[in-house]
Amino acid sequence: MSEARKKIACVVVAHGNVAQCLMDAVQGILGTQSNWVAISNAGLGLNDLNAAIAEAIAELQKTCDVIVMSDMPGGSCHHACQEVIGQNSEVRAVSGLNLMMLLEFFVKRDRQPVDDLLGLVMERGRDAIRIL
Amino acid sequence: MAYVLVRIDDRLIHGQVTVAWGSDLAPDRIILVNDEVAGDEWRRSLYAETDALGAAVSVLSTVEFLERNRERRWKSERALVLVESPRDLLRLIEGGLAIESANVGGLHYSEGKRELLPYFFVDGDDLEAIRAILSRGIRLEARDVPHTQSIDVASLIAGLGDDSGREGQ
């Protein structure tokens, strides 16, 4: 109760340039953000991808709680995230990454504990999918 | 009546407004004042149905807005007013909108406009309207999203010619 809440960081893992491009879009909308890392699987075997994710998490965990977001359930990015969090129970992970999830994360991350934030991110991401 | 923000933005209602300013200012209502959109049934309903993350959205013509503003229609709400151009804002001010300051959030490039900031381009007509607004003692700040530097528009345009768009340097 007395302990100040940690900041919450995210690691975004996706195919091609998707992670970086989504973060570019987030920062175009919200302004520059801190405590995030974007990772692409391009050119990386599973071991290297795991290592890149683990390294990013380890760096961010020095000061923050960490949520990992990957693009596609069943894809290499998601598998790698699952492997890494399997060895690191402090980290939360979600898949199905979309822009609204990231916006919700960055807008709300200073206002609630990590599990509540995760719920909001999931809800906003699902709600963004609509037939026009 | 105090609005939480009066903003010039040629993208009208978009992510910077609903997500960035919306989460910062928590408006109850976003009021888009634009004669073209308000006069086009399809665009009007498109904007009126925007999911503004909890804020209601009103799309009004200049005349409709000024009438409701006079009636203090939104006096118990946290309303954010959006217009497309400095000229549109000047029209509202001349029609009775009393404000101390306004925000310039986005005037994007089109042919013949000069860059003041990456999100702020002006032509001669924009400059003329901006000067008319400033001459009424209203402060204009340029800032696209919250928590970034607020730039004083009066300083930004000091020294520019009247005909900025056509100087073609």
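For the structure itself, consult the block above.
Throughout what follows, the structure given in this document is the object of discussion. (Residues numbered from 1 in each chain as written. Chains lettered and ligands numbered in written order. Predicted model: local features only at pLDDT ≥ 70, side-chain atom pairs only at ≥ 80, totals over all residues. Heavy atoms only, no water.)

Further remarks concern the overall build of chain B. For chain B, the count of helices and strands is 7 helices and 9 strands. Taken against the 2.2 N^0.38 rule, which gives 15 Å for 169 residues, the C-alpha radius of gyration of chain B at 15 Å falls within 12% of a compact globule. Once the C-alpha set of chain B is aligned to its principal axes, its extents read approximately 45 × 30 × 30 Å. Buried residues in chain B amount to 51% of all 169 residues. Sequence separation of 24 or more characterises 69% of the internal contacts of chain B that already satisfy a separation of 6 or more. Positive and negative charge centroids in chain B, built from 20 and 30 side chains respectively, lie 5 Å apart. (Helix = DSSP H or I, 4+ residues; strand = E, 2+ residues; numbered from the N terminus. Rg over C-alpha atoms; globule rule 2.2 N^0.38 Å. Buried < 20%, exposed > 50% of the residue type's maximum accessible area, 1.4 Å probe, protein only. Contact = heavy atoms within 4.5 Å. Lys, Arg positive; Asp, Glu negative; His and termini not counted. Charge placed at Lys NZ, Arg CZ, Asp CG, Glu CD.)

All names here are of chain A. Here 4 strands make up an open sheet; going across it, the order is 2-1-3-4 and the pairing parallel. Only two strands of the sheet have a single neighbouring strand rather than two, namely strand 2 (36-40) and strand 4 (92-94). Between one strand and the next, the sheet's axes are offset by a mean angle of 20°, whatever the strand orientation. Looking at chain direction, strand 3 (residues 64-70) and strand 4 are connected through 3 bridges and run parallel. Considered in strand 4, the bridge of Val 68 is made with Ala 93. Lying over the sheet, helix 1 (residues 18-30) contacts strand 1 (7-14) and strand 2, oriented at roughly 145° with respect to strand 2. Sheet strands touched by helix 2 (residues 46-61): strand 1, strand 2 and strand 3. Its angle to strand 2, the strand with the most contacts, is close to 175°. (Pairing = 2+ DSSP bridges. Axes fitted to C-alpha atoms, helices over the stretch in contact; angles between N-to-C directions.)

The next point concerns the layout of surface pockets. By rolling a water-sized probe across the atoms, one finds the places where empty space is left. Within this model, the largest pocket holds a volume of roughly 600 Å³. Lining the largest pocket we find 19 residues, and of these Met 100 and Arg 130 of chain A together with Thr 18, Thr 50 and Asp 51 of chain B sit closest to its centre. For the lining of the largest pocket, the secondary-structure elements that each account for two or more residues are helix 4 (99-108) and helix 5 (114-127) of chain A together with helix 1 (15-25) and helix 3 (41-48) of chain B. Sorting elements by how many residues they give to the lining of the largest pocket places helix 1 of chain B first, with 3 residues. Partitioning the lining of the largest pocket into residue classes produces 10 nonpolar, 4 polar and 5 charged. Lining of the second largest pocket is provided by 16 residues; of these, Leu 30, Gln 33, Phe 106 and Val 107 of chain A together with His 147 of chain B occupy positions nearest its centre. Looking at which element gives the most residues to the lining of the second largest pocket, the answer is helix 1 of chain B, with 3 residues. Residue classes in the lining of the second largest pocket are distributed as 5 nonpolar, 7 polar and 4 charged. (1 Å grid on protein atoms, 1.4 Å probe; cavity = no way out; pocket = protein on both sides within 12 Å on 5 of 7 lines; lining within 4 Å. Points joined across faces, edges and corners; volume = space filled by probe spheres on them. Nonpolar A, V, L, I, M, F, W, Y, C, P; charged D, E, K, R; others polar.)

Through backbone hydrogen bonds, the strands of a sheet pair up, either in parallel or in antiparallel fashion. Residue and element names in this part refer to chain B. Reading across from one edge, 3-2-4-1-5-8-9 is the order of the 7 strands in this open sheet, with mixed pairing throughout. Of all the strands in the sheet, the pair left with one neighbour each is strand 3 (56-60) and strand 9 (151-152). Here strand 1 (residues 5-9) runs beside strand 4 (residues 79-83); their pairing, made up of 4 bridges, is parallel. Across the sheet, Leu 5 pairs through a bridge with Leu 80, a residue of strand 4. Of the strands in this sheet, strand 2 (29-33) and strand 3 are in contact with helix 3, which crosses strand 3 at around 155°.

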